[in-house]
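Next come the chains, spelled out residue by residue.
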Amino acid sequence: MLTTPFELNSIYLVGPMGVGKSTIGRKLAERFELTFKDSDHEIEERTGASIPLIFDIEGEDGFRKREQSVIDDLTQVPQLILATGGGVVVTEANRHALKERGLVVYLHASVDTLLERTAFCRNRPLLQTEDPRARLEELMEVRHPLYQEIADITVETGDKTILQVVKAIVKRIKRLEKP
């Protein structure tokens, strides 16, 4: 097990949809021998409904309320790697919980990369629009400063493999360990 000053805390992955939070989170959990959770999957398990269905029935506001409850619960679990939904940062209570309860890693990629990665995904309600590029640009304009606000570490994922991203995160954590 790789030890860190955050050994008793958790690591939270934030960033836009399609950046690789879940995939990278699973690999980090293996590397640190910690439990992995995905907040969107947790919401689906608790409600018995898919994210798109929740958006259809309750709208984004209803979804964000459910997300806030799940984030509050999961950020109280020690030694957890948590992949969050792309919009987790729009709720102030979520930003506070993430920042205060663990190490926040912002995974970043260009809009072009995100478009490529999400092009055929129908499970992303906010991209079900005539112009997904414009929508991603709008979302990044609002969310990028919020991701930066709470991030302890920022890692570019664009042209890197999963293993390269995991290694970059581990290296950055090790830098934080030095006195």
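Residues numbered from 1 in each chain as written. Predicted model: local features only at pLDDT ≥ 70, side-chain atom pairs only at ≥ 80, totals over all residues. Heavy atoms only, no water.

### Some remarks on the nonpolar core
Next up, step 1: Judged by nonpolar contacts, the single largest core of 50 residues is most densely connected at Leu28, Leu98, Leu107 and Ile169.
Next up, step 2: Per-element tally for this core: the top contributor is helix α3 (residues 51–74), with seven residues.
Next up, step 3: For Ile169, the residues in contact, after removing those within four places along its chain, are Ile24, Leu28, Val105, Leu107, Ile153 and Val155. (Core = buried A, V, L, I, M, F, W, Y, C linked by side-chain atoms within 4.5 Å. Buried < 20%, exposed > 50% of the residue type's maximum accessible area, 1.4 Å probe, protein only. Helix = DSSP H or I, 4+ residues; strand = E, 2+ residues; numbered from the N terminus. Contact = heavy atoms within 4.5 Å.)

### Some words on helix α1 (residues 21–32)
Next up, step 1: The end-to-end C-alpha distance of α1, which contains twelve residues, comes to 16 Å, matching closely the 16 Å that a straight helix rising 1.5 Å per residue would cover.
Next up, step 2: Lys21, Ile24, Gly25, Leu28, Ala29 and Phe32 are the residues of α1 that are buried. Within α1, the buried residues cover an arc of 140 degrees as seen down the axis, which keeps them to one side.
Next up, step 3: Immediately downstream of α1, the backbone of Glu33 shows phi near 55 degrees, a positive value. (Expected span 1.5 Å × (residues − 1). Arc of directions from axis to C-beta.)

### Things to note about the side chain of Ser39
Next up, step 1: Take Ser39: it is sitting in helix α2 (residues 39–47).
Next up, step 2: A relative accessible area of 0% means that Ser39 is categorised as buried.

### Remarks on the pattern of salt bridges
Note that side chains of opposite charge can pair when their charged atoms are close.
Next up, step 1: Taken as a whole and assessed by the stated rule, the structure comprises twelve salt bridges.
Next up, step 2: A salt bridge links Glu42 to Lys37; the shortest N-O distance between them is 3.7 Å.
Next up, step 3: The class for Glu42 is buried, based on a relative accessible area of 13%.
Next up, step 4: Taking the relative accessible area as the measure of exposure, Lys37 reaches 31% and is therefore partly exposed.
Next up, step 5: For Glu67, the salt bridge identified is with Arg64, shortest N-O distance 2.9 Å. With Glu67 and Arg64 both in helix α3 and three residues apart, this pair spans about one turn of that helix. Each member of the pair, Glu67 together with Arg64, is buried.
Next up, step 6: Taken together, the salt bridges that share partners define one network made up of Lys37, Glu42, Arg46 and Asp73. (Salt bridge = Lys/Arg side-chain N within 4 Å of Asp/Glu carboxyl O.)

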